[in-house]
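As a plain string of letters, each chain reads:
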Amino acid sequence: IGKAANEHILIKDAVALELMRKVNVVVLDKTGTLTEGRPTVVGWLWAETQKANLKNILLAAELKSEHPLAGAIIAALQSEDVTPATVDSFQSITGKGIKVRYGGADYWAGSHKLLKDYAAGHSELLGQELVEFESDGCSMVYFGCDNELLAVVAIKDKIKDTSASAVQHLQDQGIDVYMLTGDGERTAMTVARKLGIKHYIADALPDDKDLFIRELQLQRKTVAMVGDGINDSQALARADVSIAMGKGTDIAMDVAMVTLMTSDLSLLPTAISLSRRTVHLIHQNLFWAFIYNLIGIPIAAGILYPINGVLLNPMLASAAMAFSSVSVVLNSLRIRR
């Protein structure tokens, strides 16, 4: 655990240190885990001529949201000196988005699943522009009023420089890697392809992540879940080993057994290697601790005396016991390297 702390890996549960060596499936959230967690708005797609107050209403809604993408929209609107409207009510729709009441109408903003819930369609021209943004790995936030789509916000979150190499190292260790994201199919496929991830699930709600991990466990897989947000806490609690990113939400870090303090995903294969190395050293130490007793006690009891008259001198027995402890300590210190 001390060695892990030196590597910026905080292990709160010693059981996790032992379990990590058995992990054969790693499930990764996308936003803030594989990406930098600093999303920015790169495009606005308006379904029709922009009406007055729409940006004010959207800003008022996003100011009440806790989702990482909300921060990007807020920053973009505030840079345009947009002021928030006064809304009548606010509702958070778990895993999908948010809804506010303004002027007797319901305004909503969220994922593709929320768009489907309101049965709001978009034009063919708008659809073509959506494909271009999604093919670039952008996350799309849909903004509408009742069953009418008003706008789509394209948000880009840069993939971390170390994510691809971390995924490759995990796969080299014989671990299957899955990506779960609330983004649409095309965005998820683009990000997975860039990172070399063969398995992914798009449009995943918190319950979907939890159910997926449970299905893997029923297949007798040992699952590690890595996430950083409120939407990941349910899946983190379900996983055999829960790992949070250091720059994530407090609830994710509270639930997690392990926290990667720098949010560098390359620390994940390091943590798993450290677990395997630690347990290997424990087995070696048990061998050295017992081998002296297994050999020395029978000799001290006189098992060789009838054969060749050999007895173990008490001084030598004490030295052997002391050296047993010294060998265990020296062997353990090798982990520092």
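Structure shown above.
Residues numbered from 1 in each chain as written. Predicted model: local features only at pLDDT ≥ 70, side-chain atom pairs only at ≥ 80, totals over all residues. Heavy atoms only, no water.

Here the focus is the nonpolar core. Within the largest apolar cluster, 38 residues are counted, with the highest numbers of intra-cluster contacts made by Val-26, Leu-28, Val-258 and Leu-268. Element by element, the count of residues in this core is highest for helix α12 (residues 267-300), at six residues. With 26 residues, the next largest nonpolar core counts Leu-54, Ile-74, Ala-85 and Val-100 among its residues. (Core = buried A, V, L, I, M, F, W, Y, C linked by side-chain atoms within 4.5 Å. Buried < 20%, exposed > 50% of the residue type's maximum accessible area, 1.4 Å probe, protein only. Helix = DSSP H or I, 4+ residues; strand = E, 2+ residues; numbered from the N terminus.)

A separate point is the packing of aromatic side chains. With the rule as written, the count across this model stands at six aromatic pairs. Their ring planes at 5° and their centres at 6.0 Å tell us that Trp-44 and Trp-46 sit as a pair that is stacked. Relative accessible area serves as the criterion here: at 22%, Trp-44 is assigned to the partly exposed category. Ring-pair connections join several aromatic residues into one group, and the members of that group are Tyr-102, Tyr-107 and Phe-143. Here the guanidinium or amino end of Lys-55 rests over the ring plane of Trp-44, the centre of that ring lying 5.1 Å away. (Phe/Tyr/Trp six-rings, centres within 6.5 Å; stacked < 30°, edge-to-face > 60°. Lys NZ or Arg CZ within 6 Å of the ring centre and 35° of its normal.)

Our next topic: the pairing of strand β4 (residues 89-93). Looking down a regular strand, the side chains alternate between one sheet face and the other. Note that β4 and strand β5 (residues 97-102) share five bridges and pair antiparallel. For Ile-93, the partnering residue across the bridge sits in β5 and is Gly-97. Between the end of β4 and the start of β5, which pair antiparallel, lie three residues, with Gly-95 showing a positive phi angle near 75°. (Pairing = 2+ DSSP bridges.)

The end-to-end C-alpha separation of helix α9 (residues 206-218) is 19 Å, in line with the 18 Å expected for 13 residues at 1.5 Å each. Those residues of α9 not exposed but buried are Pro-206, Lys-209, Asp-210, Phe-212, Ile-213 and Leu-216. In a view along the axis of α9, the buried residues occupy a sector of 160°, so they form one face of it. Exposed residues lying more than 90 degrees from the buried face of α9 are Asp-207 and Leu-218. Tucked into the core, α9 has its buried residues touching β2 (25-29), β9 (176-180), β10 (199-201), β11 (223-227) and α10 (233-238). At the C-terminal side of α9, Arg-220 shows a positive phi close to 65°. (Expected span 1.5 Å × (residues − 1). Arc of directions from axis to C-beta. Contact = heavy atoms within 4.5 Å.)

Attention now goes to the sheet that holds strand β12 (residues 241-245). Read across the sheet, seven strands follow the order β1-β13-β12-β11-β2-β9-β10 without closing on themselves; strand pairing throughout is mixed. At either end of the open sheet lies a strand with only one pairing partner, and these are β1 (9-11) and β10. The average angle at which neighbouring strand axes cross in this sheet is 20°, direction not considered. When β11 meets β12, the two strands line up parallel, connected through four bridges. Its bridge partner being in β12, Val-226 is matched across the sheet by Ile-243. (Axes fitted to C-alpha atoms, helices over the stretch in contact; angles between N-to-C directions.)

Taken as a whole, the second largest pocket spans an internal volume of roughly 190 Å³. If you trace the second largest pocket, you find it lined by Ile-291, Tyr-292, Asn-293, Ile-295, Gly-296, Ile-297, Ile-299, Ala-300, Leu-312, Ala-317, Ala-320 and Met-321. If you list the elements that add at least two residues to the lining of the second largest pocket, you get α12 and α14 (314-333). At eight residues, the largest contribution of residues to the lining of the second largest pocket is made by α12. Its residues assigned to classes, the lining of the second largest pocket shows ten nonpolar, two polar and no charged. (1 Å grid on protein atoms, 1.4 Å probe; cavity = no way out; pocket = protein on both sides within 12 Å on 5 of 7 lines; lining within 4 Å. Points joined across faces, edges and corners; volume = space filled by probe spheres on them. Nonpolar A, V, L, I, M, F, W, Y, C, P; charged D, E, K, R; others polar.)

Attention shifts here to the side chain of Ser-242. Tracing the chain through its elements places Ser-242 in strand β12. Within the structure, Ser-242 has its side chain in polar contact with the backbone nitrogen of Met-257 (distance 2.9 Å). Residue contacts for Ser-242: discarding those within four places in its chain leaves Met-225, Leu-236, Val-255, Ala-256, Met-257 and Val-258. (Polar contact = N/O pair within 3.5 Å; in protein donor to acceptor, adjacent residues only side chain to side chain.)

Burial analysis of strand β6 (residues 105-110) places six of its six residues in the buried class, the great majority of the element. Both faces of β6 are covered, namely the face carrying Ala-105, Tyr-107 and Ala-109 and the face carrying Asp-106, Trp-108 and Gly-110. One ladder, built from six bridges, connects β5 with β6; its direction is antiparallel. Across the sheet, residue Tyr-102 finds its bridge partner in β6, namely Ala-105. Between the antiparallel neighbours β5 and β6 lie two residues, among them Gly-103 with a positive phi of about 60°. Inspection of the sheet shows β6 paired to strand β7 (residues 139-145) by four bridges, in the antiparallel sense. What sits directly across from Trp-108, in β7, is Gly-144.

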